[in-house]
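What follows is the residue order along each chain.
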Amino acid sequence: MSISPDEFKKGETKNSREEIVYQFLGDGMAHSLTELENEVGIIRPKTNEPINTTFTYGLDKWSFRLDLDRMERDGRIVSKQIHDKDGSVNIYYMRKEFLK
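Keep in mind that what you see is a predicted model, and the values were worked out from it rather than measured.

Engineer: Talk me through the overall build of the chain; I want residue IDs and the actual numbers.
Structural biologist: Helix and strand counts for the chain stand at four helices and three strands. Dimensions of the chain, computed from the C-alpha atoms along their principal axes, are close to 45 × 40 × 20 Å. Across the 100 residues of the chain, 25% fall into the buried class. Once local pairs closer than 6 in sequence are excluded, the contacts in the chain between residues at least 24 apart make up 45%. Within the structure as shown, the chain displays about 7,300 Å² of accessible surface, and the carbon and sulfur contribution to it stands at 53%. Charge centroids of the chain, computed over 16 positive and 18 negative side chains, lie 3 Å from each other.

Below, the structure written as structure tokens:
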């Protein structure tokens, strides 16, 4: 599969996870890790799924976190742990350009 010079320069192809996240974060709001996972299609398997499905889900989550970490290192997005109303702590992501 060949890619365009622009895709080569950016280091990602059209409709890559990174591009989907970047576009999704284009609303200027911070979104939780769970929201981003759902947006790119990483959905928690049901409890009665086979073990290999659960294992694949775990690998997908881990790989996606690496993608987000790389985007953060590149200066495209920022993350922050936020304490929610229910007392839980979640990681939220935002495009760096919207952070004031």
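Engineer: An account of the nonpolar core is needed here, citing residue identities and associated values.
Structural biologist: If you look at the biggest cluster of nonpolar residues, it comprises 12 residues: Val21, Leu25, Leu33, Leu36, Val40, Ile42, Tyr57, Phe64, Leu68, Met71, Ile77 and Tyr93. When contributions to this core are tallied by element, the ones reaching two or more residues are helix 3 (33–40) and helix 4 (51–73). When residues in this core are grouped by element, the largest group, four residues, is from helix 4. Contacts of Tyr93, omitting those with residues within four sequence positions, involve Leu25, Met29, Ala30, His31, Leu33, Leu36, Arg65, Leu68, Glu72, Ile77, Val78 and Ser79.

Engineer: Go over a nonpolar patch on the surface, please, and point to the residues and values.
Structural biologist: Together, Phe55, Leu59, Trp62 and Leu66 make up a nonpolar patch on the protein surface, roughly 450 Å² of accessible area in all. Checked against the element boundaries, Leu66 lands in helix 4.

Engineer: Lay out the sheet that holds strand 3 (residues 89–95) with the relevant residues and their values.
Structural biologist: With respect to topology, three strands assemble into an open sheet ordered 1-3-2, the strand pairing being antiparallel. Each of the sheet's edge strands pairs with one partner strand only, and the pair in question is strand 1 (31–32) and strand 2 (77–83). Both strand 2 and strand 3 contribute to a ladder of seven bridges, which runs antiparallel. Counterpart to Gln81 in the pairing with strand 3 is Ile91. Those strands touched by helix 4 are strand 2 and strand 3, and its axis lies near 115 degrees from that of strand 2.

Engineer: Account for the packing of helix 2 (residues 17–24) against helix 3, with residues named and values stated.
Structural biologist: As a packed pair, helix 2 and helix 3 sit with axes 10 Å apart at the nearest point and diverge in direction by 125 degrees. Here helix 2 lies oblique to helix 3, going by the angle between them. Relative to helix 3, the crossing made by helix 2 is right-handed. Contacts between helix 2 and helix 3 involve Arg17, Ile20, Val21 and Phe24 on the former and, on the latter, Glu35, Leu36, Glu39 and Val40. The residue makeup of the contact of helix 2 with helix 3, split by class, is five nonpolar, no polar and three charged.

Conventions used here
Residues numbered from 1 in each chain as written. Predicted model: local features only at pLDDT ≥ 70, side-chain atom pairs only at ≥ 80, totals over all residues. Heavy atoms only, no water. Helix = DSSP H or I, 4+ residues; strand = E, 2+ residues; numbered from the N terminus. Buried < 20%, exposed > 50% of the residue type's maximum accessible area, 1.4 Å probe, protein only. Contact = heavy atoms within 4.5 Å. Areas by Shrake-Rupley, 256 points an atom, 1.4 Å probe, with all protein chains shown as cover. Lys, Arg positive; Asp, Glu negative; His and termini not counted. Charge placed at Lys NZ, Arg CZ, Asp CG, Glu CD. Core = buried A, V, L, I, M, F, W, Y, C linked by side-chain atoms within 4.5 Å. Patch = residues over 30% accessible without salt bridge, like charges linked within 9 Å, V, L, I, M, F, W, Y side chains within 5 Å. Salt bridge = Lys/Arg side-chain N within 4 Å of Asp/Glu carboxyl O. Pairing = 2+ DSSP bridges. Axes fitted to C-alpha atoms, helices over the stretch in contact; angles between N-to-C directions. Parallel < 35°, antiparallel > 145°, perpendicular 65-115°, else oblique. Left-handed = near helix turned anticlockwise from the far one by under 90°. Nonpolar A, V, L, I, M, F, W, Y, C, P; charged D, E, K, R; others polar.

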